[in-house]
Structures are given as C-alpha cells and as structure tokens.
Amino acid sequence: MDSFFDLFDPSPSSGSNSDSDLRNGNDDESNERVHTISELLHRNDESSNELVLKGIDFNRGFLPPEPQLGNIEYKLKLINPSKQRFEHLVTQMKWRLREGNGEAIYEIGVSDSGHLHGLNDEDMTVSLQTLNQMARKLDASTSILRRKSLADHRSVVEVLVRKIPDDQHNIEVRVAVLGGADAGKSTLLGVLTQGEFDNGRGLARLNMFRHMHEIQTGRTSCISHETLGFDAEGCVINYKYNEMMTAEEISDRSTKLVTFMDLAGHRRYLKTTVQALSGYCPHHALIVIAAGNISNMTREHLAIIQALDISFSIIVTKIDLAPPEPILFELKNLLTSIGYRKVPYLISNQDDVLNANAHQNVEQIVPIFCVSNVTGAGLDLLIQYLYVLSPGISNAEKERLEQQPIEFQIDEIFRVSEVGTVAGGLLCKGVLTENSQVKVGPLQDGSFFSVTVQTIHRNKAPCRVVRAGQSASLSFSTVEPMPTLRSGMVILPDYESNDVACGCFFFQAQVSVLFHATRIFKGFQTTVHIGSIRQTAIIEGIMGAGDTGIGTNQSASVLFRFVRHPEYVRSGMRILFREGTSKGIGKVTQVFPLKATLNTTG
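As the structure is a computational prediction, the values presented were derived from the model and not from experiment.

## Observations concerning the overall build of the chain
Scanning the chain from N- to C-terminus turns up 16 helices and 26 strands. Expressed as a percentage of its 602 residues, the buried residues of the chain come to 55%. Counting only contacts in the chain whose residues sit at least 6 apart along the sequence, the fraction spanning at least 24 positions is 71%. Within the structure as shown, the chain displays about 26,800 Å² of accessible surface, and the carbon and sulfur contribution to it stands at 48%.

In structure tokens:
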C-alpha cells in the first residue's frame, strides 16, 4: 500500500499497469482534468462571484486592501527600522497574533492598498530578517508559505507567524466532518490520520469505528474523535516518527492540532449529528460528497451548517471512480443560490489553498477539494489547507470568555472501571482546573449537585487545566452517591446561587422559520437543540400570531416547554429546532427557572 510520502515525491515507474493507473489514467490526463474543472467553475463571466475570485488571486498582481481587523498584515518593506519603529512593529504583530488566536499572515512587498510592489533579493532578505527578529521578541516562529516572482527581479513573500499561547501546548482547531452515508467520511479521516491510502474496499476506515455494528454495516452511528498533528514546518506528526504514535505523543509533538469529529451520515442518526454541531461548536466543517450526486442528506447537512453559521469547505471524494464535473456544476448552482449566496472556489494548487484560507470569512468563500482516498490525488492540498486553517476566534474574544464564570456543557457520558462516571463536553466559558468545586445539573427538580473535578483529559491525554473553547473529559469525586448524569447537563461554579444554577421547563425565544410545509401553531411538537441540549419541546404560545400561526421565512416570539426534564438555559443562547423537513433558528430571550415557577404557583 502506498504511503503519504509518495504525495510529495511521486515517482511512478513507466509502463505501470496497476489498478490505480487504470482508474486514474496518466498524469497528463489528471492535469487536463484539473484544468477543465477549474474552467467549469469560472466559466460564467456575468456571475457576481467571478469578480470576487479575481479580487483574491495572488497571481493577478494585487490583493484586496489590507483588512483593519483580523490576522492579515501587509508590509511594503521592513528595512532597518528605528528602535521606536521596531517596538511599534512588535506591538502590531502581537495584536495580529491575538486576532488570529496565535497565528498571523504577513505579506511582505505589498502596500496597504493591496498592490504587489515586490522587493529585490537584498531588500527581501533584510525584511525577512527583521520579521524574524520581531517574532523572536514575542517567542513566535516564522515559516514562508509562498514566494511570487515579479518583474525586474522583485518578489513578494507570504509568511506565517505562529505563537502558541503561554497557557497552551499547541493551537487547536475543531473540525466537524459531515456528509451523506457512503460519501467516504470515515475513510478520508482514516487516510489523513494513518498515512496510508485506502484499498478501495474501506480498509482505512476500520480504525474510525467504535462499535461492532459500525464495522459490520460500514456506517458511523456515533461521534468519533480523531486528531491530526503538525509540526512548525507543516509536516504531519501522526506518522513522521513511527506508525504507532499514541494520541498523547501526537499532541505533545504538535504545534498545530486539528481535532476531527466524524459524524454519522445516515438519516437515522441525524439527531446525534445536529447535537454534536450544536454542542461542540466546531470552528469549521468539512462536507464530504462522493462524486456522482448530492444526496438529500448532504443538502440537509448544508442547511444545518448554514443555520448554525459555521464556516465550511467541501470535499468531493471518489474521483478515481467517477468524474467530478457534474457535482461541481451542481455545487456551483446550489452555493450561489439565494439560500446560501456563497462563492465556490475550486482548489487546484498551493496558491488556491492560501488564497481561500486568507479570505474565506471575509468573502464568504467555500473551498472545494477533489480527492481520491485510493490514489491520493488532491490530499496534499487538503493537508496544507488544514495546516493553515485558523480557529476563527480572536484571542481577545477568547480571553473575554475565560474571564467569565465556568460553564461546561456535557455532551457524552462514560462509565470507566476504577474511575467511575466520566463526562465529555465543551467548556463554553471560564477556566476549569483539577480539584475545582463545581455544581452539576439540573436534576429532575431543577436543582444542582455539588462535586469535585478529580481529573481532566484533553485529546486522550491528562492535563491540569481546560480553558474556554476547549473540549475535555472530566472525572469526579464526591462524598455522597453520584447522581445519574445525562447529555445536556452543565457544570457551573459551586458558588453560583440557586437562582442562577437552576433548570427550567419554560423558556421564550425569538425564532425564524427556515422551512415548514404549511404553518406552525400552538401545540406544535419539535426537537430543540440548544448547545448540548437535545429534547422534545412543545410550543405553548406564539406572540402576536393569533390563529394564523407562522410559516416559512416568518419570525415571532415563541414560548417553549420541555417535555421530559428541566434544562439549564440562559438568555442569548442559540436555538435550532427541527421536525421532519421543518427547521427553524433563533435566540433565547427569557427563561423561567423551575424554582421561581414553583414559588409563584405555591
């Protein structure tokens, strides 16, 4: 079986007659197909997205004007700055790093307007030395992403500056992997994380499965977590040193860690998939589509991603079996439709990778990769994209969340021998350490139970602290018997008053109906997703709707009631509700705590 190292030094022997050669054709045919695909996506000169694509092209001699916010900085030159100017540049770099959560992109030889002036070799060497000195001042590292040659022996260089926050071992990006059944999600992750191509019959996906029925059916039914680590040079850690590296070793050696959530693609497990997207708050999503057709389940996943406002990319797999051109046409029509208004951007070379990453959020770009898990075609570009992919949340926002009281949303419950109950989930706010006194709940009466956090694990390795935006697994110690935990519970500070730490059955939300075949009235029963909460709720009232109810693209203030047990909900939380093909989104505006309700009725 071929290794990933062959991607970077391909040396196919002449006259080879292997299965991959028969499926994929020769190199000239592959290059011609990539060129044809690129033309297909950019053929419509009248489309609005054509202008945007031209505006971000590094090879056309200009870039968009320098953004005031974000982690991208343009510098015409950095030659012998004064001491005062150098300190200002260092402060500026520190701010850009904070905006990019530890990563910043510097364009050297580019004016603030985005024009590529370029520098001669001598000036570029001095400018890069100054940039390295600025980075060393902040204990940051630099690596050149690309260099473009211009006329008159001038050039422009793009540099990645990375500083791992002092309280972290590496920079982590959470990526959800979605798509219809048989799209190749688990196989893709198996190939990425294990370093060997698939045999065409699903060998690479076996290590992704957690249950026997998944192995027997070949379908993922629960959330599977995998990690892909990178060193400072962008090399994959997973299989760099040996083939049997543990998750702890990968985490220890990595400066950048991509954590994948492999989500189920079958409609039967859609509720689990939506709960993971709502509860784990991934920084990015990969929509995997098999070359052939876009399934209804894939369209459902795209609609949910759009409703939750998560940035995403699209991976077209199995291009060794079927030509991707029909899918690309269909994707262009879908993504540019009124419901999405996105810019499809086909990735065919290294420049495309860096252009898409730098301007994805600003220009509403959706990168599209065409890959084969059997031949390895396109996987090198996907790996580089994951290496430069940013978490998307600024360090300033991260620090703001860390200063708030802790709120840990429980998404999974485990029973571990000699340890007891273990809760996995996401820390939304605050900083949680070992031996912290906390409350967990709500229980059936809306109250919370006091426990002590005994141990913390992140990425399958023990740690002493977890910060806002990080996922972790916690074990507990308690004097009294531990109550039965469930998904949807939260962990709050032990000092919170009973008024704050209390569950509710009733809450009010301002919602918008994305789609409903007819109209929604009082008494409508639906599945509600709020963070890690997934429970059936009934609409008890629709304010201002009278007897007419609300339909597609209409908004209203709605009173919900949980059916089974109380949940911890607070104002401002995002809500997603769905029932069959009906979907709606909104935000919680008011909560009616159970204790307050009981006191009023009593």
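Let us keep going from here.
## Quick notes on helix H6 (residues 121-137)
Along its 17 residues, H6 runs 24 Å from first to last C-alpha, staying within 8% of the 24 Å computed at 1.5 Å per residue. Once H6 ends, the next one or two residues include Asp139, with phi positive near 60 degrees.

## Focus on the side chain of Ser143
Tracing the chain through its elements places Ser143 in strand S3 (residues 141-149). Setting aside anything within four residues of it in sequence, one finds Ser143 in contact with Glu158, Val159, Leu160, Ala232 and Tyr387.

## Side note on the packing of aromatic side chains
Applying the stated criterion across every chain yields a total of six aromatic pairs. Seen from their ring centres, Phe507 and Phe562 are 5.1 Å apart, and the 35 degrees between their planes marks the pair as tilted. Linking Phe507 in strand S21 (residues 504-515) with Phe562 in strand S24 (residues 555-562), this pair joins segments that are 55 residues apart in sequence. Accessibility classification places Phe507 together with Phe562 in one group, the buried group. Each member of the aromatic cluster is reached from another via a ring pair, and the members are Phe507, Phe560, Phe562 and Phe577.

## Digging into the sheet that holds strand S4 (residues 155-162)
Overall, mixed pairing links the four strands, which are arranged S1-S2-S4-S3 in an open sheet. The open sheet is flanked by strand S1 (72-75) and S3, the only strands paired with a single partner. Each adjacent strand pair in this sheet contributes to an overall mean axis angle of 20 degrees, direction not counted. Sheet analysis places S1 next to strand S2 (residues 103-108), joined by four bridges and oriented parallel. Bridging across to S2, Tyr74 finds its partner in Glu107. This element, helix H5 (residues 83-99), spans S1, S2 and S4 of the sheet and lies at about 130 degrees to S2.

## Some details on the sheet that holds strand S22 (residues 525-530)
The strands making up a sheet are joined through hydrogen bonds of the backbone, oriented either antiparallel or parallel. Here we have six strands rolled up into a closed barrel, ordered S21-S24-S23-S22-S25-S26, and antiparallel in their pairing. Strand-to-strand twist of the sheet, defined as the mean angle between neighbouring strand axes without regard to direction, takes the value 45 degrees. As judged from the six bridges shared by strand S25 (residues 574-579) and strand S26 (residues 582-593), these two strands associate in the antiparallel manner. Its bridge partner lying in S26, Glu579 is registered against Ser582. Packed onto the sheet, helix H11 (residues 296-307) meets S21, S25 and S26 and runs at close to 155 degrees relative to S25.

## Considering the packing of H5 against H6
At a closest axis distance of 9 Å, the pairing of H5 and H6 adopts a crossing angle of 65 degrees. As far as their axial angle goes, H6 and H5 are roughly perpendicular. Note on packing geometry: the crossing formed by H5 with H6 is right-handed. Together, Phe86, Glu87, Leu89, Val90 and Met93 of H5 and Thr130, Leu131, Gln133, Met134, Ala135 and Lys137 of H6 make up the contact between the two elements. Looking at the contact of H5 with H6 residue by residue, the class counts come to seven nonpolar, two polar and two charged.

## Here we look at the pattern of salt bridges
Here the structure, examined in full by the defined rule, presents 16 salt bridges. Note that Arg458 and Glu172 form a salt bridge whose closest N and O atoms lie 2.1 Å from each other. Linking Arg458 in strand S16 (residues 449-458) with Glu172 in strand S5 (residues 171-178), this pair joins segments that are 286 residues apart in sequence. Its relative accessible area of 13% is what places Arg458 among the buried residues. For Glu540, the salt bridge goes to Arg561, with nearest N and O atoms at 2.6 Å. Of this pair, Glu540 sits in strand S23 (residues 533-543) while Arg561 sits in strand S24, and the two are 21 residues apart along the sequence. Take Glu540: its relative accessible area is 24%, and that puts it in the partly exposed class. With relative accessibility at 25%, the residue Arg561 sits in the partly exposed group.

## Focus on H5
Helix length check: H5, at 17 residues, gives a terminal C-alpha distance of 25 Å against a target of 24 Å (1.5 Å per residue), a fit within 8%. Buried within H5 are the following residues: Phe86, Leu89, Val90, Met93, Arg96 and Leu97. Considered in projection along H5, the buried side chains sweep an arc of 125 degrees and stay on one side of the axis. Along H5, the residues that are exposed and aim more than 90 degrees away from the buried face are Gln84 and Thr91. Buried-residue contacts for H5 involve S1, S2, H6 and S4. Asn101 lies just past H5 and shows a positive phi near 55 degrees.

## Details of the pairing of S2
S2 sits mainly inside the fold: six of its six residues count as buried. Where burial is concerned, the two faces of S2 agree: the one with Glu103, Ile105 and Glu107 and the one with Ala104, Tyr106 and Ile108 are both buried. In this view, the connection linking S1 to its parallel neighbour S2 by way of H5 has right-handed handedness. Of the strand pairs in this sheet, S2 and S4 are connected by six bridges, and their pairing is antiparallel. The residue bridging Ile108 from the neighbouring strand is Val157, located in S4.

Each value, and the rule that gives it
Residues numbered from 1 in each chain as written. Predicted model: local features only at pLDDT ≥ 70, side-chain atom pairs only at ≥ 80, totals over all residues. Heavy atoms only, no water. Helix = DSSP H or I, 4+ residues; strand = E, 2+ residues; numbered from the N terminus. Buried < 20%, exposed > 50% of the residue type's maximum accessible area, 1.4 Å probe, protein only. Contact = heavy atoms within 4.5 Å. Areas by Shrake-Rupley, 256 points an atom, 1.4 Å probe, with all protein chains shown as cover. Expected span 1.5 Å × (residues − 1). Phe/Tyr/Trp six-rings, centres within 6.5 Å; stacked < 30°, edge-to-face > 60°. Pairing = 2+ DSSP bridges. Axes fitted to C-alpha atoms, helices over the stretch in contact; angles between N-to-C directions. Parallel < 35°, antiparallel > 145°, perpendicular 65-115°, else oblique. Left-handed = near helix turned anticlockwise from the far one by under 90°. Nonpolar A, V, L, I, M, F, W, Y, C, P; charged D, E, K, R; others polar. Salt bridge = Lys/Arg side-chain N within 4 Å of Asp/Glu carboxyl O. Arc of directions from axis to C-beta. Right-handed = clockwise from strand over helix to strand, strands pointing away.

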